[in-house]
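Report on the structure
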Amino acid sequence: MTTADTRPHTPAQQRAKQRTPRATTTRRALFGNGRRPGFLTYGLLFAFFLASAYPLWWSVIIGSRSNEALGQTWPPLFPGGNFWTNVGQVFDTVPFWLALGNSVLISGIITVSVVVFSTLAGYSFAKLRFKGRNGLMVAVIATMAIPTQLGIIPLFMLMRTLGWTGEIGAVIIPTLVTAFGVFFMRQYLVDVIPDELIESARMDGASMISTFWHVALPAARPAMAILGLFTFMTAWTDFLWPLLVLDASNPTLQTALSQLQSARYVDYSIVLAGAVLATLPLLVLFALAGKQLISGIMQGAVKG
């Protein structure tokens, strides 16, 4: 019994076989072997990190120096020693603590409301059967296609009719629930909770609220953390609507910091020092919620 000769017969086949191990090794070094990323992947991630962090680092550099640092031939690369002096000027120029309290209150209420209502609505659209469910979901998604700026004028007229202009309630109430939050939670819960688990809970005598509390809510926590983080960040950085509906005596942090640029001469070292102060709460929030954020992203990546 003879064994078939599997060796390449032509010179081209022999050269291709000799090149294959080296090409495979090079590809694994650059892109990884499927279980661990390679050198090129880490390099791209590091480059994206530098590009994302550079604006914040530049704000820290200028915010800790004088305004003349912007006109230097060689821009500075490291912070100076005037940061707290510039921060003191920010406190003297704008009602910083009042604006900070308003921003915390507005962002906190909006975040809690959006997460609660979006989770309830998303669970209803994902797991409950009722008449008109698909049509209502299409209507919710359709509202996401309407630009926010298109509704500012009628919304402002409504707030003025109700007498809410100048009050922080005019910023909170229009955003107590969002179409994106409902859609996000529905897409997450539709696959993460088996229908059999809900039916088992109902057969054991659990009510609808009890089923949601003991079955759906624990499974939805990673997505709720992500939605809460993004909602807080959106509410914290919102500028246009608070600028229109609030006055200078009751501002949010973003609208208060805009007053630093209202004069003819703008000291950008003070402006950027205020921008750094406004960014610090978001950095702290990301640091505290980073574990839940990564957990939610990983669960969404392996789902299905």
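Conventions and cut-offs
- Residues numbered from 1 in each chain as written.
- Predicted model: local features only at pLDDT ≥ 70, side-chain atom pairs only at ≥ 80, totals over all residues.
- Heavy atoms only, no water.
- Buried < 20%, exposed > 50% of the residue type's maximum accessible area, 1.4 Å probe, protein only.
- Helix = DSSP H or I, 4+ residues; strand = E, 2+ residues; numbered from the N terminus.
- Arc of directions from axis to C-beta.
- Polar contact = N/O pair within 3.5 Å; in protein donor to acceptor, adjacent residues only side chain to side chain.
- Contact = heavy atoms within 4.5 Å.
- Salt bridge = Lys/Arg side-chain N within 4 Å of Asp/Glu carboxyl O.
- Phe/Tyr/Trp six-rings, centres within 6.5 Å; stacked < 30°, edge-to-face > 60°.
- Axes fitted to C-alpha atoms, helices over the stretch in contact; angles between N-to-C directions.
- Left-handed = near helix turned anticlockwise from the far one by under 90°.
- Nonpolar A, V, L, I, M, F, W, Y, C, P; charged D, E, K, R; others polar.
- Core = buried A, V, L, I, M, F, W, Y, C linked by side-chain atoms within 4.5 Å.
- pLDDT = per-residue confidence, 0-100.
- 1 Å grid on protein atoms, 1.4 Å probe; cavity = no way out; pocket = protein on both sides within 12 Å on 5 of 7 lines; lining within 4 Å.
- Points joined across faces, edges and corners; volume = space filled by probe spheres on them.

**Considering helix H5 (residues 133-143)**
Within H5, burial applies to Arg 133, Met 137 and Val 140. Projected down its long axis, H5 carries its buried residues within an arc of 60°, all on one side. Residues of H5 that are exposed and angled more than 90 degrees away from the buried face: Asn 134 and Val 138.

**Looking at the side chain of Ser 118**
Residue placement: Ser 118 occurs in helix H4 (residues 96-127). Its relative accessible area of 0% is what places Ser 118 among the buried residues. Of note is the side chain of Ser 118, whose polar atom sits 2.6 Å from the backbone oxygen of Val 114. Those residues in contact with Ser 118 that lie beyond four places of it in its chain are Ser 113, Val 177, Thr 178, Gly 181, Val 182, Met 185 and Leu 227.

**So, the pattern of salt bridges**
As enumerated under the stated definition, the model contains one salt bridge in all. The shortest N-O distance in the salt bridge between Asp 195 and Lys 127 comes to 2.9 Å. Residue Asp 195 is found in helix H9 (residues 195-203), and its partner Lys 127 is found in helix H4; the two are separated by 68 residues along the sequence.

**Re the packing of aromatic side chains**
Aromatic ring pairs are defined here through the distance separating the ring centres and the angle between the ring planes. Across all of its chains, the model carries nine aromatic pairs by this definition. Three or more aromatic residues joined by ring pairs make a cluster, and in this case those are Phe 91, Phe 96 and Trp 97.

**With respect to the environment of Leu 189**
Along the polypeptide, Leu 189 turns up in helix H8 (residues 179-192). Along the chain, Leu 189 and Lys 127 lie 62 residues apart, while their C-alpha atoms are 7.9 Å from each other. When near neighbours in sequence (up to four residues on either side) are disregarded, Leu 189 contacts Thr 119, Gly 122, Tyr 123, Ala 126, Lys 127, Ala 216 and Ala 220.

**Digging into the packing of H4 against helix H10 (residues 208-237)**
Relative orientation of the contacting elements H4 and H10 amounts to 145°, with a least axis distance of 8 Å. H10 is crossed by H4, and the crossing has right-handed handedness. Residues of the contact of H4 with H10, tallied by class, amount to 15 nonpolar, nine polar and no charged.

**Points about the nonpolar core**
In this structure, Tyr 123, Met 185, Leu 189 and Val 245 are the most contacted members of the largest nonpolar core, which totals 31 residues. Broken down by element, the residue count for this core peaks at nine residues, all from H10. Leave out the neighbours within four places in its chain, and Tyr 123 touches Leu 128, Leu 189, Ile 198, Thr 211, Phe 212 and Ala 216. Counting 21 residues, the second-largest nonpolar core is a separate cluster that includes Val 90, Leu 253, Leu 260 and Val 266.

**Some remarks on the confidence of the model for the protein chain**
Averaged over the protein chain, the pLDDT score is 83; the fraction of residues at 70 or greater is 83%. Mean pLDDT values over the elements of the protein chain span from 55, in helix H1 (residues 11-31), up to 94, in H4.

**Some words on the layout of surface pockets**
In this structure, the largest pocket occupies an estimated 990 Å³ of space. Forming the boundary of the largest pocket are 32 residues, of which Thr 148, Pro 174, Thr 175, Thr 178 and Thr 234 lie nearest the centre. Put simply, the parts of the chain that give the lining of the largest pocket at least two residues each are H4, helix H6 (152-162), H8, H10 and helix H11 (240-245). The element contributing the most residues to the lining of the largest pocket is H10, with six residues. Its residues assigned to classes, the lining of the largest pocket comprises 20 nonpolar, eleven polar and one charged. Of the volumes computed, that of the second largest pocket is approximately 200 Å³. The element contributing the most residues to the lining of the second largest pocket is helix H13 (residues 268-302), with six residues. Tallied by class, the residues present in the lining of the second largest pocket amount to eight nonpolar, five polar and no charged.

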